[in-house]
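Observations on the model geometry
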Amino acid sequence: MATDAQAFVKEIPSKSEQFSEWYTAVCLKAELADYSPVRGCMVVRPYGYALWENMQRWLDDRFKATGHVTAYFPLFVPEAFLKKEAEHVEGFAPQVAWVTHGGDEKLAERLAVRPTSEAIIMPMYARWIQSYRDLPVLLLQWCSVVRWEKATRLFLRTAEFLWHEGHTAHATSEEADAECRTILEIYRQLLEDVLAIPVLVGKKPPSEKFAGGDWTYTLEALMPDRQAIQAGTSHFLGQNFAKAFGVKFLDRDNVEKPVWTTSWAVTTRLVGSLVMAHGDDRGLALPPRIAPIQVVIVPIPGKEREKVLAAARALAERLKAVARVRLDDRDEYTPGWKFNDWEMRGVPLRLEIGPRDVAANQAVLVRRTGGPKATVAIEGVEQAVARALDEVQGEYYARGKAFLDEHTLSVATMEALEEAMRERRGFVRTNWCGDQACEDAIRARTGASPRVIPLDDRPQGACLVCGRPSTATVYYARAY
RNA sequence: CGGGGCGUAGCGCAGCCCGGUAGCGCGUCUGGUUUGGGACCAGAAGGUCGCCCGUUCGAAUCGGGCCGCCCCGACCA
């Protein structure tokens, strides 16, 4: 009943009408996060952290499978180190938090709280790498970093956030670039196969690359408000950091050379993307592969409380083999209350079991994505649940893909681009000559920024600003 | 960092204009009845009105400052 649903979610604004307010309310109501007493810093609550943990686990398995090992580097970066790579420090300096005192004593050299760790990792590489035999070095660390943001939002932009950062060193440019692409593909699979968020994959134009790197690979997703969000980045750092920090190796040809390095990251921002991508007016909606709870079992006690609860427990026990399952046997809430509550928390599947079902040796299966309730036999319920989880996962992806396709269009003129950004938003594909001035003109007139140049780009046509031959296809969007 | 808004019980809000006993709904607690889409009855608890300074006999209410959060822009994962 829609009116009841409305009444229930009165504390969650409409997603279509007040997207930002909706987003914040969902993060808070679903207990993903809360505000902390520290300005700009959030608390990741257990349910939100469980989402992050699932991403972590999935990613870490793949990082390990591709030869990476985990280490931990210090939180503090001496100022002198941060300043070694000129472009790098220029890029990050405005956002750095500084430690100036230890106890009561003023430090001789202030320490940056890492905004990213290149500057503390490179000096270590300089000590560890001597020979081509020491390469590649494939390290990552899971940690938090601090960037003193002016305007913050739960998960999407906070002063401190969680991430992993990979830092690899290679003997050749080709190998380093291949590493970047390997990681990019892992990220793409995380986004599309696990989080059910379709992405555009490619390179950043130079203006948007990582400070200090040569080029940056990126994944760009489109949120329901038709703004792009950077979902992950993989940076080809060239020899810039190696030269700045003196990371050299003696190659097979007996020549000393700077190493080629990469760095890459995804952050807890992905939790925010997940909320925005799939949620609705009823609250959070989670794709099964990332959902901390995939199936919730709600017993309907009726007059045979003990019998029903026993059947519900047995059902939960059976399903443990195929799904992350939660039995909600709380006595203080009615079934109806629980239905709404678990929907608000985004649980993909619900199984209801009451006296009628116990008598008939069945349960009622309901999907968060909608559709009619279905009766399933207890015999074979594992297969029914596994199949429903797969289908729901697919449904979320299909919806996202349809939305992305629907909101991606090509334009050939500045007028068409302006109109597209004004009327439709989303991604707009353009031809670009490669001149920064042409990009700047588009930024100035549309408010959009260049998000990505496709990986397998085959530029054609003429630059939409100056008419010279195109050297790249660029997707523009307004972005987070 | 600019423009707008908000801050009163765990949550959602009223009260403020026009100063004088701090309220409502939900939730919470106790007992009982209930349970297939946010159950019902009875009783109870819960507040330095974001913080500081000022005006006043008296401030949630008026003035100033600060802090935090939200929204819209500009910048960044």
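Attention in this report is confined to the structure presented alongside it. It should be emphasised that the depicted structure is a prediction, and the values quoted were computed from it without experimental measurement.

1. Some words on the pairing of strand E6 (residues 105-113)
Strand direction decides the pairing type here: strand E4 (residues 76-78) and E6, joined by 3 bridges, are antiparallel. Across the sheet, the residue bridging to Val77 is Ala112, located in E6. Both strand E5 (residues 97-102) and E6 contribute to a ladder of 5 bridges, which runs antiparallel. Bridge pairing in E6 links Val99 to Leu111. The turn joining E5 and E6, which pair antiparallel and follow one another in sequence, is formed by 2 residues; a positive phi near 60° is taken by Gly103.

2. What to know about the pairing of strand E11 (residues 228-238)
With respect to burial, E11 is a largely interior element, 10 of its 11 residues being buried. The pairing of strand E10 (residues 215-222) with E11 spans 8 bridges and is antiparallel. Counted as the bridge partner of Leu222 is Ala228 from E11. Counting the residues between successive antiparallel strands, the hairpin from E10 to E11 contains 5 residues, one of them, Arg226, with a positive phi of roughly 65°. Strand direction decides the pairing type here: E11 and strand E14 (residues 260-267), joined by 5 bridges, are antiparallel. Each bridged residue has a counterpart across the sheet, and for Gly238 the counterpart in E14 is Thr261.

3. A short note on unusual backbone geometry
At the junction of Leu135 and Pro136, the peptide bond is cis and its omega measures out at -5° in the coordinates. Examined against the element boundaries, Pro136 turns out to sit in the loop between helix H6 (118-128) and strand E7 (137-146). Its identity is not glycine, yet Arg226 carries a phi of approximately 65°, on the positive side. By secondary structure assignment, the location of Arg226 is in the loop between E10 and E11. Positioned with a positive phi, Arg425 is a non-glycine residue whose angle comes to about 60°. Position of Arg425 relative to the elements: it lies in the loop between helix H14 (414-423) and strand E23 (427-432).

4. Let's talk about the layout of surface pockets
The computed volume of the largest pocket comes to approximately 890 Å³. What lines the largest pocket is a set of 35 residues, and nearest its centre among them are Arg147, Phe161, Gln230, Thr233 and Arg269. Secondary-structure elements contributing two or more residues to the lining of the largest pocket are helix H5 (86-92), strand E8 (160-170), E11 and E14. Among the residues forming the lining of the largest pocket, the class breakdown is 12 nonpolar, 13 polar and 10 charged.

5. Digging into the sheet that holds strand E16 (residues 295-299)
Strand pairing in a sheet is mediated by backbone hydrogen bonds. Such pairs are either parallel or antiparallel. Read from one edge of the open sheet, 5 strands run E17-E16-E19-E20-E21, paired in mixed fashion. In the strand order of this sheet, the two ends are held by strand E17 (325-327) and strand E21 (374-377), each with one partner. Strand-to-strand twist in this sheet, taken as the mean axis angle between neighbours without regard to direction, amounts to 30°. Sheet analysis places E16 next to strand E19 (residues 349-353), joined by 5 bridges and oriented parallel.

6. Brief notes about the nonpolar core
Ranked by size, the top nonpolar core spans 61 residues in total, and within it Leu59, Phe63, Phe155 and Leu195 carry the most contacts. When residues in this core are grouped by element, the largest group, 9 residues, is from helix H7 (residues 173-194). Residues from two domains meet in this core; each of domain 1 (15-278) and domain 2 (295-387) gives at least three. Excluding residues within four positions of it along the chain, Leu59 makes contact with Trp142, His164, Ile186, Tyr187, Leu190 and Val266. One finds Ile121, Ala171, Phe210 and Ala242 within the second-largest nonpolar core, a separate group that totals 27 residues.

7. Quick word on the packing of helix H3 (residues 46-65) against helix H9 (residues 269-278)
The N-to-C vectors of H3 and H9 enclose an angle of 110°; their axes lie 10 Å apart at closest approach. For the element pair H3 / H9, the angle class is roughly perpendicular. Judged by residue contacts, Gly48, Leu51, Trp52 and Met55 of H3 engage Leu270, Val271 and Leu274 from H9. Tallied by class, residues from the contact of H3 with H9 come to 6 nonpolar, 1 polar and no charged.

8. Remarks on the pattern of salt bridges
With the rule as written, the count across this model stands at 36 salt bridges. The salt bridge partner of Arg282 is Glu343, with a shortest N-O separation of 2.9 Å. Here Glu343 lies in helix H11 (residues 335-344) and Arg282 lies in the loop between H9 and strand E15 (284-285), a separation of 61 residues in the sequence. Taking the relative accessible area as the measure of exposure, Arg282 reaches 26% and is therefore partly exposed. The network of salt bridges with shared partners includes Glu31, Asp328, Arg330, Lys338, Asp341 and Arg345.

The rules we used
- Residues numbered from 1 in each chain as written.
- Chains lettered and ligands numbered in written order.
- Predicted model: local features only at pLDDT ≥ 70, side-chain atom pairs only at ≥ 80, totals over all residues.
- Heavy atoms only, no water.
- Pairing = 2+ DSSP bridges.
- Helix = DSSP H or I, 4+ residues; strand = E, 2+ residues; numbered from the N terminus.
- Buried < 20%, exposed > 50% of the residue type's maximum accessible area, 1.4 Å probe, protein only.
- 1 Å grid on protein atoms, 1.4 Å probe; cavity = no way out; pocket = protein on both sides within 12 Å on 5 of 7 lines; lining within 4 Å.
- Points joined across faces, edges and corners; volume = space filled by probe spheres on them.
- Nonpolar A, V, L, I, M, F, W, Y, C, P; charged D, E, K, R; others polar.
- Axes fitted to C-alpha atoms, helices over the stretch in contact; angles between N-to-C directions.
- Core = buried A, V, L, I, M, F, W, Y, C linked by side-chain atoms within 4.5 Å.
- Domains from an automatic or database assignment.
- Contact = heavy atoms within 4.5 Å.
- Parallel < 35°, antiparallel > 145°, perpendicular 65-115°, else oblique.
- Salt bridge = Lys/Arg side-chain N within 4 Å of Asp/Glu carboxyl O.

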